[in-house]
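Structural description and commentary
Listed below are the residues making up each chain.
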Amino acid sequence: METQRTSSGDDGVGQRGLLHTWKGYSCSLTPERLLLPRPVLQVALGERHGVLLVEGGQVYSFGELPWKQSQGPEVAAPTLESALSGQQVVTVAAGSFHSGAVTEDGGVHMWGDNGAGQCGLFGLSSVPNPTPVGVLDSATSPPQTVAVLELACGEKHTLALSVQREVWTWGSGCQLGVNALVFPVWKPQKVEHLVGRYVLQVACGASHSLALVRCLGPQDVHRPPVDKCKQCNQLLFTMTDKEDHVIISDSHYCPVGVELTEDESRLEAPAATPRLKTSPSEPVLPSQTSIYNSDAPGEPAPFHNSEKGESALANGVLSSSDAAAQWNDGAVAGVKNSPYPDEQAVKDYLKKLSDSAQGDAKLTAGGLHSLLPSAGGTTTTPSSTLNNLVASCASAVSERVASTYEALSLKKIMNSYLPSGVLRSGGAAGLTGAIPAVGDNTAERVRQEDSMQGKKSSSTGDIREEEAECLRRRLSLPGLLSQVSPRLLRKAGRPRMRAFALTPLRGDIPEAQEVLPTMQTEVWSWGHGEHGQLGQGDNLARLQPMCIKSLNNKEVVLVAAGSHHSLALTAQSQVFSWGSNSSGQLGHMETPSTVPRLAKLSEGIRVWDISAGKRHTLLLADGDCIQPIIYYSGQQVKEEEEKEAGQAKEMCQQDKAEDEGERGGGYTPQPVLLPFCMNLGYVSGVYAGGRRCMALSDRNVMGFIASLHELASAERKFYCKLCNIKSQIISPLLELESLSSALGQVALGLLQKLAGRFCYLCHLTGQHAVSLTANLRRGRDVNSLVVLDHTGIFLDCHKEYCSSLCNFQVMGGFQALTKPSLDFFGKSPELLQRLSECSEDNPPMADLLAALFYLPTRHVHEYSRLLLKLATCFEVSSSDYQKLHYNSSKFDDLERQLKRKRKEAEYTLHFWKSFPGKMTDSLRKPQRRLICESSNKALTLQNAGRFSVNWFILFNDALVHAQGVAPYKNLFSTHHVFRLATLWVEPIPEENTGIYGLKVITPEETFTLLASSPMEKTKWLRAINQAVDQALSGAGQETVSLSSASGQKLEPPISRTASYTFYKEGRLKDATYEGQWLAGKPHGRGLLKWPDGRIYTGEFKNGLEDGFGEIEAPNKMLNKNDYYQGQWKDGKMHGLGKYRYASGEVYDGFFQDGMRHGHGVLRSGKLNTSSPSVFIGQWLQDKKTGYGVFDDITKGEKYMGMWQDHLRQGTGVVVTQFGLYYEGTFKDNKMMGTGILLSEDDTTYEGEFSDDWTLSGKGVLTMANGDYLEGSFSGEWGSGLKVTGSYFKPHLFDTDKEKTRAVKLGRLCVCAEDKWQAVFEECWRQLGCEEPGQGENWKAWENIAVALANTRRQILDSPEQLSRSHSRTLEGLEVIPQNTGPMTMERYHTIHLYLIKACDTPLHPLGRLVETLVAVYRMTYVGVGANRRLLHQAVSEIKSYLNRIFQTVRFLFPDLPEEGGLIPEPTTSLQDRKEQDSSDAPPESPKPGHVVSSSALLLPVLLPRLYPPLFTLYALDKEKEDDVYWECVLRLNKQTDLALLAFLGVQEKFWPVSVPVLGEKQQVLSSTKDACFASAVETLQQISTTFTPSDKLQVIQLTFEEITQEVQSLLKQDFLWSMDDLFPVFLYVVLRARIRNLGSEVSLIEDLMDPCVQHGEHGIMFTTLKACYYQIQHEKIT
């Protein structure tokens, strides 16, 4: 608005918000202009006063203001309400004699008459100035102030709509809608009946209230359903289960709410249906009515409460207790006489009704119109009238659906259908008829007026629509089990209809994310209803809001209330009115109406604002031009009458006199156009109140206002047009039963989708029209135009509609629709021609239908034109201009796009018409569009046969090659479809050959096309490339014509993602591939599915599986899947992978050419299955061959040795869980040949074997005590041996002989260097060497970098996250250490750190190697393999690992000296050199002059991982010695410190005198225990927590240092140890340290100690420890 003002110059001020006022509608009338200092924003009119809101938030009052103390008899001029100064008022309201205002912060101010509490201020009869009224929600604690959006004021009450969209009320009367016992209600109360609903607007009549409510949509689903009445706590719904169907009834009656019509009964719109509308509260048969009116003896006097002695109707409101009583009385009375009439009674009654309808004009006007389809004086026959009645009933009753199996006969319906309904109706009707004091008319008149409210038939189109609607619902009457057969309701000779829900369901219509106003609304009314102003079909009062069911689905967007009549404006610009019509204010006929009816306006008049006064109605509408026009309906006001009215105020109280007075003054029978309205300018709103009329208008500055009006008017017109098409064309067509046979399944689906899109477009247009209208009424501001901020919603909607439409057209939908349409619309389709705006004479039906459906696309041009027109009202530099211009161009582009789409669809349709028939069916698809084809022989196939004919057709999704042989009648016998997503085309260079060729590559075929000329070649190349490009970008339907292609890039990407199904014979036949492609071959990531269920997911290269991938293959025998995950090469499993077999076996290892090859682990079965076992070792072409370990868990045996073709062959070792140990040769899976067998008790057999554990041949059997048998043996070990030979018992002192008998183990097993060769070979292969050590150093490093990068990428792609430490390790490995040049200590350190990191991750070849070695080592020596006799082999294996890994490390770092080599020390000081000589440093911090050894470099990496199984073997081996040692340790540790020192012979000068305890020195007493040399003891205990020998030696050295330190502090001088002095002290420390497996520790250090350390200081210290161990064992002997 601001921009507009500045752009249109200074004269713009004063051009907005101009106010005009007048009374009545005479031709000579000239409105008066009210001048105010600022533009008026809003007007509110009361009975004799008004309130104005002007720009800046100021409020003026004018007219009679008796509540102002200073006020004279009348003030005409507007006066400022100074009490509101400083408040920013946003909206005002006026009741009959009071006013209200709402401020920006949601505060309410009220002033005026407060006699009935309507100002909400306690104790004041009138309020002179605006006073704040607090609206407090007491349900919250503490009570919170409710912010208010708008107010509505009546005669004695006020309604407020809160920001939360709840209704609050105060004042007097049942129109409050609250259950108050005492009036007035001073304090604002919430209308509980509307809680939980989203109220859009409220309006107040003199004594009734209206609310416009949004229908409950998906957004309200979370609210719990209400299943009980809040007032009387009875169930709202009941279910009756009956034989073949269930009836759901909602006929709940609430006495508190006086809901005397069925609670939620749905009165269909009386606007467009010719059927009789009955309500249960209206009399249907005279016999019923007479019951209640006859003075039958014993009938209670109606409406008289003898106990209270007063009328039950106080203040026009029926008290609830009386209502209940009367209802019950009525019901009793109804039962007295038999209420079931015979057939004749019904016929007579109907005849009587129709006769009286003709005879009595008053009665006719009152209600019985719809009984007569034609008003031409002919009476309908009773039977057809009855049919009509039945149909009406079925429609009028609320939608309770039940299935029916048979059509009931008319007689059956009469007997079972009417009476019950009549009984119910009668009960209520009696009550209606007996209400006294409704004016002078008799009860009979009221009853007749309200019974059978109907409507005049409007047009056949409406009749058809309503009948179809009736058919859509199979209804069951409340509490009844019979249904109306749809056949009864079908006219003879009419085309058969079927139900089809046309309007999209609420869930399918996005309310544009709350951007656009909703049109799915309901109107609720409550209060007094004596004039029918509640629209509920009767004259009863309602204490609580009730929904006016007949306005449901009518898209009401605005409600207004006059004194005793109500108005509703719909999105389709129609006005419904109901209530008092004493002055013709309803705009449709003389009599009052108790149900909403359409106001009579000329065709083409679209109303967009309404207002209601005391006895008149104002309508603001679109006329023929852009400028709005005003209609007036109601009482004429003459000047002299005005004066009379001022003098005779008592007329207000006397209804009859007033009525006559009005008629004397004259009134409009239907709305009349006010001739002066064109002089007012562009009216933005009309206001009525009392007898006064007002209008707000704007001048058309710079054309801006006119353009806004034009935009809104165009949208309203367009919406009405779409609604007409929907109701008169699309709905009837979709309901034709002949439709599916005429169209076929595909086209029918497309038509239904098209209809759905049409409805969505229609709905969106309606919402937009409502939004634009609201903008005209409110701010007339360009920035609040939805079409600018949310253009995408409109663009997408039109695009989707056009796509659906083109798809339907391409499939020949309009041609197929021709016959059903001719059947339905007849041979002269004027309706179609008029709606489609077709100017041709006698156009074909198909063209007419196409024109009709393409009509909405033409509206896009209007958006573009009008937005551009609006833009020209602004400066070119302003942001508003830019925004409008930009959006206009968007619609411009859309218009071009839609035109192009239509052109393509027509071109394609034309092609299909001329295309050979047989192929059309298979090739014709809704989304497919033709681009070009080679019927002109412009393109031929190279090397085609002499008689073959080739035709190439390029669609937007495929290239079709049709083939045939020339002379035959059916020319094209075969065709092949090449999808564009997997089609590559490249020009063949001409090179003077004169051939213009194009090479076309598809996944399974490559062929050459020859063009007739260079131009054709270019055309086809461009067309194919462009089509491919668009097929890939997903814009399949957005095909671009060839002419526009020049500006685009020509070549689509050679690499792309697409799916394809292979069809040629071969490995991939019928398999479907989905993924990345490169020049016709799968390349990159993809998914391949075979028809037999195999699925491969992973990398491809040149059309074959290559890289990392996984496959799942079903195993038909076992009904489970095989699953492989790992590396592939050239379409086969190759490299590291894991295969899970359907049988349950799992192989984890290397593959080559699809077979297990290299190192691998095969696990069979689970621990609880029949034969669980694990094999780890070498494979050759799918067979176990080479060294391997087999753990047979069932037998409890483990085999470690050589294999060939799955059989044990060669040398090997077997250990069992019972302690048996065998080493020797195997043949054909059996122990065969020379071998050694040891049992747990050291009984040994050495000799020949013939089978497992079976001795056969020469051998020696040695007993545990040394006796032995020598000879020939046969039989199985453990089950009795047959021996032929000599028995020897060696002499007790024959020590030499004993030595020769000891069996040397390890000779007949596989030597350590031959174990796990495949593991090391694989590592070398990863480094790029065919043989160990043979290869290029730089290539190895390159391979390491590639391996790390690849595996890291795979891990990043996978969902599992790396740990932070692992990520850091990988980052550390990215830097390759310097691997050439002279070796220094610094470089040695770097290499050492690199190796630690490399061995920490399996992604590095060395790390992978270490991980595998750890796995095989544990597999070998854990479980059954934990056998003490395997210790020697276990140690040799570790040493072998060290040597072989060291070889690899030296390959990577060639300058590293070989085993035992020296790294030259840099020149250092003498002292450093001394230190170096005296002690060897641990490998973590090697000192200069370091001796290089594999153990120093690699043991810290390897040993911690192998320590548990290795140490277990040591512990088992040293078990006996350790037990002896431990017994002695426990015995000696019982002594006190001094006693033990003495016992061990420690010199007294080394005995500690005092020891520190908790930081204090304490004297060593004879009882002191575990206190001497405590720090040295603690240090030595740490030997059990270290892994490598060097670490353990370091602990021993530290222990010596601790002892020395303590002795030196004791002697207070430097001191050099002699071994005689040192040994006893150290022995004391070893005893006190209590190391459990000291023997094992000693053996481990001895076996794995670095050779270069043995003769140094560490060596001597270790010897000392060893000596202590032996000393302790023999302590008891000495």
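Scope of this entry: the structure provided in the associated data block. Keep in mind the model is a prediction, meaning the values are calculated, not measured.

1. Thoughts on unusual backbone geometry
Cis geometry is found at the peptide bond from Ser141 to Pro142, where omega equals -5°. Note that Pro142 resides in the loop between β11 (136-137) and β12 (144-145). Cis geometry is found at the peptide bond from Phe183 to Pro184, where omega equals 0°. You will see that Asp1130, though not glycine, has its phi angle at about 50°, which is positive.

2. Observations regarding the packing of helix α18 (residues 813-825) against helix α20 (residues 845-871)
Viewed as axis vectors pointing N to C, α18 and α20 meet at an angle of 105°, and their least axial separation amounts to 8 Å. The orientation of α18 with respect to α20, classified from their angle, is roughly perpendicular. Across the interface between the two elements, Phe814, Gln815, Leu817, Thr818, Ser821 and Leu822 from α18 touch Met845, Ala846, Leu849, Ala850 and Phe853 from α20. For the contact of α18 with α20, a count of residues per class yields 8 nonpolar, 3 polar and no charged.

3. Brief notes about the pairing of strand β30 (residues 593-598)
Within β30, 5 of the 6 residues are buried, which leaves the element mostly enclosed by the surrounding structure. Where strand β29 (residues 575-579) and β30 come together, 3 bridges link them in antiparallel fashion. Within β30, the position partnered with Ser577 by the bridge is Arg597.

4. Some thoughts on the sheet that holds strand β13 (residues 148-153)
Spatially, the 4 strands line up as an open sheet ordered β13-β14-β15-β16, and their pairing is antiparallel. The strands lining the two open edges of the sheet, one partner per strand, are β13 and β16 (185-190). Across the sheet, the mean angle separating the axes of adjacent strands is 20° when strand polarity is ignored. Inspection of the sheet shows β13 paired to strand β14 (residues 157-162) by 5 bridges, in the antiparallel sense.

5. Thoughts on the pairing of strand β62 (residues 1268-1276)
Consecutive side chains of a regular strand alternate in pointing toward one face of the sheet and then the other. Here strand β61 (residues 1254-1262) pairs with β62 via 9 bridges, running antiparallel. Its bridge partner lying in β62, Gly1257 is registered against Phe1273. Between β61 and β62, which follow one another and run antiparallel, lie 5 residues, and Gly1266 among them has a positive phi close to 105°. As judged from the 7 bridges shared by β62 and strand β63 (residues 1282-1288), these two strands associate in the antiparallel manner.

6. Points about the sheet that holds strand β27 (residues 556-561)
The 4 strands lie next to each other as β27-β28-β29-β30, forming an open sheet whose pairing is antiparallel. For this open sheet the edge positions go to β27 and β30, each flanked by a neighbour on one side alone. When the angles between neighbouring strand axes are averaged without regard to direction, this sheet yields 15°.

7. Quick word on helix α39 (residues 1657-1673)
Between its terminal C-alpha atoms α39 stretches 25 Å, which fits the 24 Å expected from 17 residues at 1.5 Å a residue. Every buried residue of α39 is accounted for by His1658, Gly1659, Met1661, Phe1662, Thr1664, Leu1665, Cys1668, Tyr1669, Ile1672 and Gln1673. Looking at the packing, one finds that the buried side of α39 touches α33 (1519-1532), α36 (1589-1611), α37 (1619-1633) and α38 (1638-1648).

8. Some words on the packing of aromatic side chains
Following the criterion strictly, the structure yields 54 aromatic pairs and no others. Aromatic side chains Phe1175 and Trp1203 sit 5.1 Å apart centroid to centroid with 80° between the ring planes, which places their arrangement in the edge-to-face category. Pair noted here: Phe1175 is in strand β54 (residues 1173-1180) and Trp1203 is in strand β56 (residues 1197-1204), with a separation of 28 residues, a long-range link. Relative accessible area serves as the criterion here: at 1%, Phe1175 is assigned to the buried category. Given the relative accessible area of 6%, Trp1203 is considered buried. In this structure, Arg902 is placed above the aromatic ring of Tyr854, and the distance from its NZ or CZ to the ring centre is 3.9 Å. Lying across the ring of Trp984, Arg1056 places its NZ or CZ 4.2 Å from the centre.

9. So, the pattern of salt bridges
For the structure shown, the criterion picks out 44 salt bridges. Note that Asp698 and Arg780 form a salt bridge whose closest N and O atoms lie 2.4 Å from each other. Residue Asp698 is located in strand β36 (residues 692-698), and its partner Arg780 is located in the loop between α15 (739-777) and α16 (786-789); the two are separated by 82 residues in the primary sequence. A salt bridge links Asp823 to Lys819; its shortest N-O distance comes to 3.5 Å. Taken together, the positions of Asp823 and Lys819, both in helix α18 and 4 residues apart, correspond to about one turn of that helix. Using a relative accessible area of 46% as the deciding quantity, one classes Asp823 as partly exposed. Judged by relative accessible area, which is 57%, Lys819 ranks as exposed. Taken together, the shared-partner salt bridges connect Glu710, Glu862, Arg865 and Lys869 into one network.

Rules behind the numbers
Residues numbered from 1 in each chain as written. Predicted model: local features only at pLDDT ≥ 70, side-chain atom pairs only at ≥ 80, totals over all residues. Heavy atoms only, no water. Helix = DSSP H or I, 4+ residues; strand = E, 2+ residues; numbered from the N terminus. Axes fitted to C-alpha atoms, helices over the stretch in contact; angles between N-to-C directions. Parallel < 35°, antiparallel > 145°, perpendicular 65-115°, else oblique. Contact = heavy atoms within 4.5 Å. Nonpolar A, V, L, I, M, F, W, Y, C, P; charged D, E, K, R; others polar. Buried < 20%, exposed > 50% of the residue type's maximum accessible area, 1.4 Å probe, protein only. Pairing = 2+ DSSP bridges. Expected span 1.5 Å × (residues − 1). Phe/Tyr/Trp six-rings, centres within 6.5 Å; stacked < 30°, edge-to-face > 60°. Lys NZ or Arg CZ within 6 Å of the ring centre and 35° of its normal. Salt bridge = Lys/Arg side-chain N within 4 Å of Asp/Glu carboxyl O.

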